[in-house]
Amino acid sequence: MGKQKKDIWFIINAFAVALIVLAVMHTIKPYLEPPDPLKPQIMDYAASLKMIDAEAVPAVLASKNGKPTMVVVYASWCGYCRVKMPEIVAMMREGKLAHVNMLFLSRDKSLMELSKYLVHAGFYKDIDTYIVQNTEVSTLAGALAQRGSAFQGTVPFMEMYDANGNAVRVVPHNSQAADIISASKI
């Protein structure tokens, strides 16, 4: 019985020491990492991001300039979004999507993480993004469904809307650049 008590106390003490070490490492981690040279741009960009309620998205879709709108729903934590975003931004930079309004909706929960991703990727000057924060996916899907959207909550998601803000077609997320440009012409 005495040996079992010692073994239990040893396990409890080892667990306590491990927790203390983890807490100390978590506390000093920011001091061990080199400072991010882009932190000023990240902070500025985070302050400029626009928050939008899911219910307001249909009103934003109603274009005032007579152009159709491509909606891109993405997130910085989404691996496939990180593949598609450079392609979409490249098409924008080349003027291949100049005939449409672009509406980027982020599903990120952290403004800083989104800003960090967009600044490090070099997109923060090219895209005007709205962050749909603290909104259930079903709320955004319901708001977009008012305009005939097929959005079900998965990212990345691309869809074309006419100049009146009504969904016209889904652009498959695995589409090549030429297919995206073709789908954008309404």
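Sequence order as written defines the numbering, with residues in each chain counted from 1. A pLDDT threshold of at least 70 governs which residues receive local features in this predicted model, and a stricter bar of 80 or more applies before side-chain atom pairs are shown or counted, although totals over entire chains, interfaces and linings include all residues. Each side-chain value is worked out from all heavy atoms of the structure, with water and hydrogens disregarded.

A. Examining the overall build of the chain more closely. Helix and strand definitions follow DSSP, with helices as H or I runs of at least four residues and strands as E runs of at least two, each counted in order from the N terminus. Counting its secondary structure elements, the chain contains 7 helices and 6 strands. N-terminal to C-terminal, the α/β element order of the chain is α-α-β-α-β-α-β-α-β-α-β-β-α. Expressed along its principal axes, the backbone C-alpha trace of the chain runs to roughly 80 × 40 × 30 Å. Burial classes follow relative accessibility: with a 1.4 Å probe on protein chains only, a residue under 20% of its type's maximum area counts as buried, one over 50% as exposed, and anything between as partly exposed. Taking all 186 residues of the chain together, 38% fall into the buried category. In the chain, the proportion of contacts linking residues at least 24 apart, taken out of those at least 6 apart, comes to 71%. Per element, the accessible surface of the chain, about 10800 Å² overall, is 60% carbon and sulfur. Where the 19 positive side-chain charges of the chain centre and where its 16 negative ones centre are 4 Å apart. When checking whether two residues touch, look at their non-hydrogen atoms; a contact exists if any pair is within 4.5 Å. The Shrake-Rupley method, run with a 1.4 Å probe, gives the accessible areas here. Residue values count only the displayed protein chains as cover. Only four residue types enter the tally: Lys and Arg on the positive side, Asp and Glu on the negative side; His and the chain ends are excluded. Charge placement uses NZ in Lys and CZ in Arg. For Asp and Glu, CG and CD serve respectively.

B. Layout of unusual backbone geometry. Cis rather than trans, the peptide bond between Val-155 and Pro-156 has omega equal to -5°. Within the fold, Pro-156 resides in the loop between α6 (137-145) and β5 (157-161).

C. Highlighting the nonpolar core. Here, nonpolar core refers to any group of buried Ala, Val, Leu, Ile, Met, Phe, Trp, Tyr and Cys residues whose side-chain atoms link them within 4.5 Å. Membership of the largest hydrophobic core comes to 48 residues, with the highest contact counts inside it found for Tyr-74, Leu-105 and Ile-127. Not counting chain neighbours up to four residues away, the residues in contact with Tyr-74 comprise Cys-81, Met-85, Phe-104, Leu-105, Ser-106, Arg-107, Leu-114, Tyr-117, Leu-118, Ile-127, Thr-129 and Val-155.

D. Looking closely at the packing of aromatic side chains. Any pair of Phe, Tyr and Trp rings, taking the six-membered ring for Trp, is counted once the centres come within 6.5 Å. Such a pair is stacked with planes under 30 degrees apart, edge-to-face with planes over 60 apart, and tilted for the rest. Per the stated rule, a full pass over the model turns up 4 aromatic pairs. Here Lys-50 stacks its cationic end above the ring of Tyr-130, 5.3 Å away from the centre of that ring. In this scheme, Lys NZ or Arg CZ marks a charge over a ring once it lies within 6 Å of the ring centre and within 35 degrees of the ring normal.

E. Highlighting the pairing of β5. Among the 5 residues of β5, 5 are classified as buried, and the element is accordingly described as predominantly covered. Across the two faces of β5 the burial is the same, with Phe-157, Glu-159 and Tyr-161 and Met-158 and Met-160 all buried. Being paired, for any two strands, means DSSP has found at least two bridges between them. As paired elements, strand β2 (residues 69-74) and β5 share 5 bridges and run antiparallel to each other. Within β5, the position partnered with Thr-69 by the bridge is Tyr-161. With 4 bridges joining them, β5 and strand β6 (residues 167-171) adopt antiparallel strand pairing. Its bridge partner lying in β6, Tyr-161 is registered against Ala-167. Counting the residues between successive antiparallel strands, the hairpin from β5 to β6 contains 5 residues, one of them, Gly-165, with a positive phi of roughly 85°.

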